[in-house]
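Summary of the model geometry
Here's the letter readout for the chains.
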Amino acid sequence: MAIHWLTGTSGSAIRFYYEDAHAGEQPAEPTTTPVGLAMFAGDFQSIRRFAERDHQRITSWNSYDTGGHYAAHEAPEVLAADIRQFYATIG
């Protein structure tokens, strides 16, 4: 939290939550854009059947025993490898 406050980025960091809360109507059909998901230890664990309900093209789904909510800081090599693997599946 302090990093967002001290760098003046708290507004942009919270904008996603604001936009989501005020989005209005949700899509009637699942998305068709390729989607990748990486779950890291100690962070929110997604449930695949709910993800598949909303996203038709899940091309990458991985769970890791390392990292956490700030995976880019806590496990940058694992996250970078996961992102590379995702783009390899759609390229």
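Scroll up a little and you will see the structure.
Residues numbered from 1 in each chain as written. Predicted model: local features only at pLDDT ≥ 70, side-chain atom pairs only at ≥ 80, totals over all residues. Heavy atoms only, no water.

All right, on to the overall build of the chain then. A count of helices and strands for the chain gives five helices and two strands. Of the regular secondary structure in the chain, the N- to C-terminal order runs α-α-β-α-β-α-α. Here the chain has a C-alpha radius of gyration of 15 Å; the compact-globule value for 91 residues is 12 Å, and the former is much larger. Judged by the C-alpha coordinates and their principal axes, the chain covers about 40 × 35 × 25 Å. In the chain, 54% of the contacts between residues at least 6 apart in sequence involve partners at least 24 apart. A total of about 7,200 Å² of accessible surface is found on the chain, and carbon and sulfur atoms cover 57% of it. (Helix = DSSP H or I, 4+ residues; strand = E, 2+ residues; numbered from the N terminus. Rg over C-alpha atoms; globule rule 2.2 N^0.38 Å. Contact = heavy atoms within 4.5 Å. Areas by Shrake-Rupley, 256 points an atom, 1.4 Å probe, with all protein chains shown as cover.)

Take the packing of aromatic side chains next. If you walk through the whole model with that rule in mind, you get three aromatic pairs. A ring pair is formed by Phe16 and Tyr17, whose centres lie 5.4 Å apart and whose planes are at 80°; its orientation type is edge-to-face. When its relative accessible area of 57% is taken as the criterion, Phe16 is described as exposed. Aromatic side chains Phe86 and Tyr87 sit 5.0 Å apart centroid to centroid with 70° between the ring planes, which places their arrangement in the edge-to-face category. Overall, Phe86 belongs to the buried group, its relative accessible area being 12%. (Phe/Tyr/Trp six-rings, centres within 6.5 Å; stacked < 30°, edge-to-face > 60°. Buried < 20%, exposed > 50% of the residue type's maximum accessible area, 1.4 Å probe, protein only.)

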